[in-house]
Amino acid sequence: MPTSPTEEFLKLIWTRRLYTNRELATCDGRPLRVISHGNINPVAGTDITDAQIEIDGTVYSGPIAVHAQASMWRRHLHHIDMAYDDCILHLVLENDAVVCRVDGSVIPALILEYPESLDNTFRNLTEGEGRSLCCRELKRMPQVSLYNTLTRLTIERLERKYNDFLRLYTEAGNDWNEAFYITLFKSVGASRNREAYIKLARTVRYRDLCHVKESILSVEALLLGGAGMLDTERNGRFPDDYTLRLQQEFDHLARRFGIVPMRYGEWEISKTRSFSHPVLRIVELAGLLARKEFLFSNLINCTDVTEIQRILSAEASEYWATHSLPSVRSSRCVKRFGQMILDVLTINLVVPMMFAYGKDHADDAMQERAVEILEQIAPEKNTYTVPWSERGIRPDNAFFSQALIQLSKEYCEKKRCATCNIGKMLLCSQE
């Protein structure tokens, strides 16, 4: 199915003066002169703000609404929304309805016209060729322009994560440690178990762990028990001495802290590789959380990636060197976070929290340090970055791979080409 022009596309046409109407006139035939095209509204509400037009000799100032069809006005319930009463103009492609304010007065409409070449470029961007077109545009950019474009995307991604952390911070009773703890579990969890890890962090709260973190056995008991992972009889095995101690400790701590454990069935186990089994990830987390050095304040005050990853590099307790599951022996192998997980935690946990804390406390130096640390980490290779690399856009470090992830997730996947700086360059070059 062909892509229909989006409101963002039409807003771009208006504000960048890409329309081709020979003489502007409202749909009821009155001459229209543009004094100021206004600005695209980046937040919810009317589409274009601070516009100024003259219709039949009378000057009007205010916002403008934009729709593909005029009938969308009622579908979006603007006819009962006082916030849209101040609109001075309705920009449309198809004037299939008369649009009125709450008091019944008619809002003048203007049908936008634009060149076919612009429409073709928009469709090519949104119907499959977009990434190739954007790659060619990125390759043509001078190095400084490319750096600035990718920098804006990475900062935008950090800003989004800042808003996520702020929401978590508020939900956690304005506790940075608790928000950090929940994000730790979210970062460790692979996509299919991410929600389960988040639920575990909410089931066994950070403040509960702080009461017992001097004992690695107690931390393991709380986390494994809270995750529903201590029922060995489910697999037809009797608990060994260490697992029995974990079970007894969890029973005691669950009563003490009022913990209702998760169900084992809430975890996706069947397609999980052995080295990333939730049990092993959880005991590795326990080893990290039991360390005296693992503190939110210590991590956000680190000055480089080596210092961060030294703090994050923790081993599970000795029992797990010879066990893969509770009461299940295995060949000896020390269980610790590998380099990939350390990079993931640095990129998705420490750097965003450092940026968020710095932004919340107006600490520009901390925000800059977060960006500098990203530049010290190898670029990510995943489903978002590999397609760009295959087309010749190869990031040098995680700072730029984060930019490509932001570009892919927030613009390419959502077909927001008309709001993407690269897409806008391609569209506006059709003038």
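Residues numbered from 1 in each chain as written. Predicted model: local features only at pLDDT ≥ 70, side-chain atom pairs only at ≥ 80, totals over all residues. Heavy atoms only, no water.

In this section: the overall build of the protein chain. Scanning the protein chain from terminus to terminus reveals 18 helices and 8 strands. The C-alpha radius of gyration of the protein chain comes to 28 Å, more than 25% above the 22 Å expected for a compact globule of 431 residues. Counting all 431 residues of the protein chain, 51% fall into the buried class. Carbon and sulfur atoms make up 49% of the accessible area of the protein chain, which amounts to about 20900 Å² in all. (Helix = DSSP H or I, 4+ residues; strand = E, 2+ residues; numbered from the N terminus. Rg over C-alpha atoms; globule rule 2.2 N^0.38 Å. Buried < 20%, exposed > 50% of the residue type's maximum accessible area, 1.4 Å probe, protein only. Areas by Shrake-Rupley, 256 points an atom, 1.4 Å probe, with all protein chains shown as cover.)

Any segment with low pLDDT has predicted coordinates that should not be analysed in fine detail. Taken residue by residue, the protein chain gives an average pLDDT of 91. The fraction at 70 or more is 98%. Helix α9 (residues 216-226) holds the highest mean pLDDT among the elements of the protein chain, 97, whereas helix α4 (residues 130-140) holds the lowest, 87. (pLDDT = per-residue confidence, 0-100.)

A full pass over the atoms with the stated rule returns 16 aromatic pairs. When the ring of W73 is compared with that of Y84, the centres are 5.7 Å apart and the planes differ by 80°; the resulting orientation is edge-to-face. Of this pair, W73 sits in helix α2 (residues 72-75) while Y84 sits in the loop between α2 and β5 (89-92), placing them 11 residues apart in sequence. On the basis of relative accessibility, which here comes to 2%, the residue W73 falls in the buried class. (Phe/Tyr/Trp six-rings, centres within 6.5 Å; stacked < 30°, edge-to-face > 60°.)

Okay, the nonpolar core next. If you look at the biggest cluster of nonpolar residues, it comprises 128 residues, and the most contacted ones within it are W14, Y181, L184, F185, L223 and W267. Looking at this core element by element, the count peaks at 11 residues for helix α14 (residues 339-360). Not counting chain neighbours up to four residues away, the residues in contact with L184 comprise L285, L288, L289, F294, L345 and L349. Formed by 8 residues, the second largest nonpolar core is a distinct cluster that contains A65, A70, Y84 and V92. (Core = buried A, V, L, I, M, F, W, Y, C linked by side-chain atoms within 4.5 Å. Contact = heavy atoms within 4.5 Å.)

This part is about the side chain of D208. Residue placement: D208 occurs in helix α8 (residues 206-210). With residues near it in sequence (within four places) discarded, D208 still touches L222, F257 and I259.

Our focus in this paragraph is helix α18 (residues 421-428). Of the residues making up α18, those classed as buried are I422, G423, L426, L427 and C428. Tucked inside the fold, the buried residues of α18 contact α1 (7-15), α3 (116-126), α4, α5 (143-171) and α17 (398-412).

Next up on the list: the packing of helix α13 (residues 305-312) against α14. At a minimum axis separation of 10 Å, α13 and α14 run at an interaxial angle of 110°. It follows that α13 is roughly perpendicular to α14 by the angle criterion. The handedness of the crossing between α13 and α14 comes out as right-handed. From α13, V305, I308, Q309 and L312 reach across to α14, where they touch Q339, L342, D343, L345, T346, V350 and M354. Along the lines of polarity and charge, the residues of the contact of α13 with α14 split into 7 nonpolar, 3 polar and 1 charged. (Axes fitted to C-alpha atoms, helices over the stretch in contact; angles between N-to-C directions. Parallel < 35°, antiparallel > 145°, perpendicular 65-115°, else oblique. Left-handed = near helix turned anticlockwise from the far one by under 90°. Nonpolar A, V, L, I, M, F, W, Y, C, P; charged D, E, K, R; others polar.)

As enumerated under the stated definition, the model contains 15 salt bridges in all. A salt bridge links R140 to E137; its shortest N-O distance comes to 2.9 Å. With R140 and E137 both in helix α4 and 3 residues apart, the pair spans about one turn of that helix. With relative accessibility at 58%, the residue R140 sits in the exposed group. Close ionic contact of E159 with K359 constitutes a salt bridge, the shortest N to O distance being 3.4 Å. Within this pair, whereas E159 is found in helix α5, its partner K359 is found in helix α14, the two being separated by 200 residues in sequence. On the basis of relative accessible area, E159 is assigned to the partly exposed category, the value being 27%. A relative accessible area of 30% means that K359 is categorised as partly exposed. Beyond isolated ion pairs, a larger network of salt bridges with shared partners links R160, D164 and R167. (Salt bridge = Lys/Arg side-chain N within 4 Å of Asp/Glu carboxyl O.)

On to unusual backbone geometry. Non-glycine residue D56 carries a positive phi angle of around 50°. Positive phi outside glycine occurs at S327, with the angle close to 70°. The topology assignment puts S327 in the loop between β7 (323-325) and β8 (328-329).

Together, D364, E368, E372 and E375 make up a region of like negative charge exposed at the surface. Mapped onto the elements, E375 comes out in the loop between α15 (364-374) and α16 (386-390). (Patch = residues over 30% accessible without salt bridge, like charges linked within 9 Å, V, L, I, M, F, W, Y side chains within 5 Å. Lys, Arg positive; Asp, Glu negative; His and termini not counted. Charge placed at Lys NZ, Arg CZ, Asp CG, Glu CD.)

For the pair α4 and α18, interaxial distance at closest approach is 10 Å and the crossing angle is 90°. Classified by the interaxial angle, the pair formed by α4 and α18 is roughly perpendicular. Where α4 approaches α18, its residues L133, C134, E137, L138 and R140 are matched on the opposing element by I422, M425 and L426. Here the residues of the contact of α4 with α18 sort into 6 nonpolar, no polar and 2 charged.

With that settled, consider the pairing of strand β3 (residues 48-55). Sheet topology note: the strand β1 (residues 32-36)/β3 ladder contains 4 bridges and is antiparallel. Paired with S36 across the two strands is Q52, which belongs to β3. Across 2 bridges, the pairing between strand β2 (residues 39-40) and β3 is antiparallel. Across the sheet, residue N39 finds its bridge partner in β3, namely T49. Between β3 and strand β4 (residues 58-66), which follow one another and run antiparallel, lie 2 residues, and D56 among them has a positive phi close to 50°. (Pairing = 2+ DSSP bridges.)

Each pocket or cavity is described by its volume, and for the largest pocket that value is around 1600 Å³. Along its surface, the largest pocket is lined by 45 residues, and S187, G189, R194, V344 and N348 are the ones closest to its centre. Counting only elements with at least two residues in the lining of the largest pocket, the list comes to α5, α6 (176-188), α7 (194-203), α14 and α17. No other element matches α5, which puts 8 residues into the lining of the largest pocket. In this structure, the second largest pocket is lined by 13 residues; those nearest its centre are E8, I40, N41, P42 and T419. For the lining of the second largest pocket, the leading source of residues is α1, giving 4 residues. (1 Å grid on protein atoms, 1.4 Å probe; cavity = no way out; pocket = protein on both sides within 12 Å on 5 of 7 lines; lining within 4 Å. Points joined across faces, edges and corners; volume = space filled by probe spheres on them.)

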